[in-house]
Amino acid sequence: MRKFQVVSPYEPSGDQGQAIEKLSQGFLAGNKYQTLKGVTGSGKTFTMAKIIEKIQRPTLIISHNKTLSAQLYREFKSFFPNNAVEYFVSYYDYYQPEAYVPARDLFIEKDCDINKEIDNLRLAATYSLMERRDVIVVATVSCIYGLGMPDLYKEMRLHIEKGKALSPHKIAEHLISLQYSRNDAVLERGTFRIRGDIIEVFPPYMETDVAYRIELEWDEVFRIRRFDVLNNSTIEELDETVFYPAKHFVVTQEKLVDATKRIEDELQIRLKEFEQQHKILEAERLKTRTTYDIEMLREMGTCPGIENYSGPISGRNPGDPPATLLHYFPDDFLCLIDEAHVTVPQIGAMYEGDRSRKQNLIDFGFRLPSALDNRPLKFQEFSKKLNQVIYVTATPRKEELAQSSQVVEQIIRPTGLLDPIIDVRPSEGQMEDIYREIKERIEKKERSLLLTLTKKMAEDLTDYLSSLDLKVKYLHSEIDTFERVDILKELRSGAIDVLIGINLLREGIDIPEVSFIAILDADKIGFLRSTTSLIQIIGRAARNAEGKVVMYADRMSDAMNEAIEETKRRRAIQEQYNKEHGITPTTIKKAVQDILDHQKENADKAAMQETEILKNNTNLFDTRQRNKLLKALEKEMAACADRLEYEQAASIRDQIKEIQAQYGK
């Protein structure tokens, strides 16, 4: 069994070492809940990685949005290059759930756009959990939604070994039951093809473009090879291999027959209830829809909205929790909940919102009552399924603190940087004051962040400061992902000097160039100006040695007092540590450009290696082969963009343009 091994040029520094030791010992001692209370920039991610290395257990890391999950996924990929680091988030690029609005008699059909790449990454996560223990899965709260039964997922796999008696027909039949589709023309993920006595299978969960070729002689497996789909070269000769289902929701024919019987029985009971209540329309509506679904299940093995029948299909009793990603983990796993002050409440809120929508569908005859069993876990069920948990946050809530057997603080930054100085100023004349502060930062080639309470205020303030010849942009939820990344890069590079937003916390941004943060309406009551939000905002200025935060307010709110006192406490501890160890906090100005250049250089190198391999196996003067290469590169470019590897995506785009310019489209 492979062991977890962190690959990094750095060793624990500051108070990372004591945090790693205490939390690891607490885990090994059996403590169910612990908290890592780490300030912004203290290297919490590195601490998490070293804890995993120390305890050697499969690990689930939960974050509260896709952007932060992608960042964590990339970081852990670099920390653990020799282990399985997987990514599990919602595979919907767009999702409109099925719903009914009684007041308007309006039924809204389910509409969604599934991201195939993310779906494949989800399958890769469950595949790794089935095959090995050195697995880290970075997930969003989608991990608490129903996924399909792990026992059935494992039971239905197809095991092939040399010398085993098998016919092409039997293999094809088994693969189709695993939701693979046959495509003899083009071998794509989730498909297989048969050419005489040769069967080629391309599992959707493989990290790279790797497929399997099975050669038969007289209905006996003669040879098994793993090969590269793009250049058809053999990678490895195998004695055996295993194929897992191409989808998470799979079921045997026997179970499907039993399930349709249960659905029919439930339908009859529900129709009688509607008749007794004189709800003729609802009864007819339910009968038509459900009968059609049953016929589809019998003929095709699936139907639109099959997830609504997950209860009867899996044989669960009404109210029983669904199988989720958590059920694929072994019993001794570690769960790290990142930004726990946001993620834990989000997990708790999922169930109620889902239930209220489905109840309307059931009451008005669009779904059977068992549709309620297709749901996320309740918070109690989620907690019960966890083995041991470490909450990771700079601002833990009272609930996390009360649960935790120990709270380990990580206050010292490896760089020696201190929490920023906080100043409180009146709102009267704040624009002139902000303008003066920004101009001072521009002279020092530093950046500024301004935080407002509304999108409209952010846009208006952007217009006002732009009219004063300042380079300024705003950032809020209506700006798409690619544009957000561009704006943040512009801020880092100096193309803009000021960024305005509502709280800028969801970006997960740590910008060392930012030395000034202005918080407008700091005394207002609400979640945007709560103690937690204020401490998180203040942390954004802790990357710069000259970091300063100004709160514009006409009174001192309780949240302001608590945030200021906590920041002062941390700063005092940091100053004492620096004094004892002779550390002078400094911001390395050049480092930012170096990092950007380094990322670009690495991205160009990686892209060049990939394109060179493909180009060496392609006759670029052959239009058909050239088009195949360009499609493969475009696919890789899109995959890089989905993983937020924008530098590499841009490099591959440049390679595509170069090929098109040199050889034609």
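Use the structure listed above.
The notes below deal with the structure included here. Owing to the predicted nature of the structure, the values given are computational and were not obtained by experimental measurement. (Residues numbered from 1 in each chain as written. Predicted model: local features only at pLDDT ≥ 70, side-chain atom pairs only at ≥ 80, totals over all residues. Heavy atoms only, no water.)

Turning to the packing of helix 1 (residues 16-28) against helix 2 (residues 44-55), a few remarks are in order. Where helix 1 contacts helix 2, the axes come no closer than 9 Å and their chain directions differ by 45 degrees. Our classification of the angle between helix 1 and helix 2 gives oblique. Helix 2 is crossed by helix 1, and the crossing has right-handed handedness. Residues Gln16, Ala19, Ile20, Glu21, Leu23, Ser24, Phe27 and Leu28 of helix 1 touch helix 2, and the partners they reach there are Phe46, Thr47, Lys50, Ile51, Lys54 and Ile55. For the contact of helix 1 with helix 2, a count of residues per class yields eight nonpolar, three polar and three charged. (Axes fitted to C-alpha atoms, helices over the stretch in contact; angles between N-to-C directions. Helix = DSSP H or I, 4+ residues; strand = E, 2+ residues; numbered from the N terminus. Parallel < 35°, antiparallel > 145°, perpendicular 65-115°, else oblique. Left-handed = near helix turned anticlockwise from the far one by under 90°. Contact = heavy atoms within 4.5 Å. Nonpolar A, V, L, I, M, F, W, Y, C, P; charged D, E, K, R; others polar.)

Next up on the list: the sheet that holds strand 3 (residues 84-88). Sheet strands pair via backbone hydrogen bonds, and the direction of the pair is either parallel or antiparallel. Strand order in the open sheet formed by seven strands is 3-8-2-17-18-1-19, with parallel pairing between adjacent strands. Whereas interior strands pair on both sides, the edge strands pair on one side only; in this sheet they are strand 3 and strand 19 (407-410). Adjacent strand axes in the sheet meet at a mean angle of 20 degrees when their direction is disregarded. Taken together, the five bridges between strand 3 and strand 8 (residues 135-139) define a ladder with parallel strand orientation. (Pairing = 2+ DSSP bridges.)

Our next topic: unusual backbone geometry. In this model, glutamine 56 sits at a positive phi of 55 degrees, which is unusual for a non-glycine residue. Along the chain, glutamine 56 falls in the loop between helix 2 and strand 2 (59-62). Even without glycine at this site, glutamine 179 takes up a positive phi of about 75 degrees. Within the secondary structure, glutamine 179 sits in the loop between helix 6 (168-177) and strand 10 (181-182).

With that settled, consider the pattern of salt bridges. Across all of its chains, the model carries 49 salt bridges by this definition. One salt bridge in this structure joins arginine 133 and aspartate 332, with 2.7 Å as the shortest N-O distance. Residue arginine 133 is located in the loop between helix 4 (116-131) and strand 8, and its partner aspartate 332 is located in the loop between helix 9 (310-314) and strand 17 (334-338); the two are separated by 199 residues in the primary sequence. Judged by its relative accessible area of 29%, arginine 133 falls in the partly exposed class. (Salt bridge = Lys/Arg side-chain N within 4 Å of Asp/Glu carboxyl O. Buried < 20%, exposed > 50% of the residue type's maximum accessible area, 1.4 Å probe, protein only.)

Considering the arrangement of structural elements, one finds arginine 213 in strand 13 (residues 210-216). At a separation of 2.7 Å, a polar atom in the side chain of arginine 213 contacts the side chain of asparagine 232. Filtering out sequence-adjacent residues up to four positions away, arginine 213 remains in contact with Ile198, Ile199, Glu200, Arg223, Ile224, Arg225, Phe227 and Asn232. (Polar contact = N/O pair within 3.5 Å; in protein donor to acceptor, adjacent residues only side chain to side chain.)

All right, on to the pairing of strand 21 (residues 447-451) then. Counting buried residues along strand 21, five of its five residues qualify, which places the element largely inside the surrounding structure. Alternating positions in strand 21 separate into two faces, Arg447, Leu449 and Leu451 on one and Ser448 and Leu450 on the other, with burial throughout. With five bridges joining them, strand 21 and strand 24 (residues 514-519) adopt parallel strand pairing. Opposite serine 448, over in strand 24, you have phenylalanine 516 as the bridge partner. Looking at chain direction, strand 21 and strand 23 (residues 498-501) are connected through four bridges and run parallel. Within the sheet, the bridge partner assigned to leucine 451 lies in strand 23 and is glycine 501.

This paragraph deals with the nonpolar core. Where a protein is soluble and globular, its nonpolar side chains tend to be buried together. Among the nonpolar cores identified, the biggest contains 78 residues, and Leu60, Phe243 and Leu325 are the most heavily contacted of them. Within the second largest apolar cluster, 34 residues are counted, among which are Ile51, Tyr87, Ile118 and Val392. (Core = buried A, V, L, I, M, F, W, Y, C linked by side-chain atoms within 4.5 Å.)

Here arginine 122 shows up in helix 4. Summary of buried charges: arginine 122 has no salt-bridge partner, and the nearest side chain of opposite charge, aspartate 119, is 4.5 Å away. Among residues more than four places away in sequence, those in contact with arginine 122 are Tyr87, Phe88, Val89, Ser90, Tyr91, Ser142, Leu147 and His248. (Lys, Arg positive; Asp, Glu negative; His and termini not counted.)

Moving on, we get to the sheet that holds strand 13. Taken in spatial order, the six strands make up an open sheet running 10-11-12-13-14-15, and their pairing is mixed. Of all the strands in the sheet, the pair left with one neighbour each is strand 10 and strand 15 (234-238). As paired elements, strand 13 and strand 14 (residues 221-228) share seven bridges and run antiparallel to each other. Residue pairing in the sheet places valine 210 in a bridge with aspartate 228 of strand 14. Contacting strand 11 (191-195), strand 12 (198-202) and strand 13, helix 6 crosses the sheet at an angle of about 170 degrees to strand 11.

Next up on the list: helix 16 (residues 531-539). In an α-helix, one turn spans 3.6 residues, which is why side chains three or four residues apart end up on the same side. Counting buried residues in helix 16 gives eight out of nine residues, a clear majority hidden from the surface. The complete set of buried residues in helix 16 reads Thr531, Ser533, Leu534, Ile535, Gln536, Ile537, Ile538 and Gly539.

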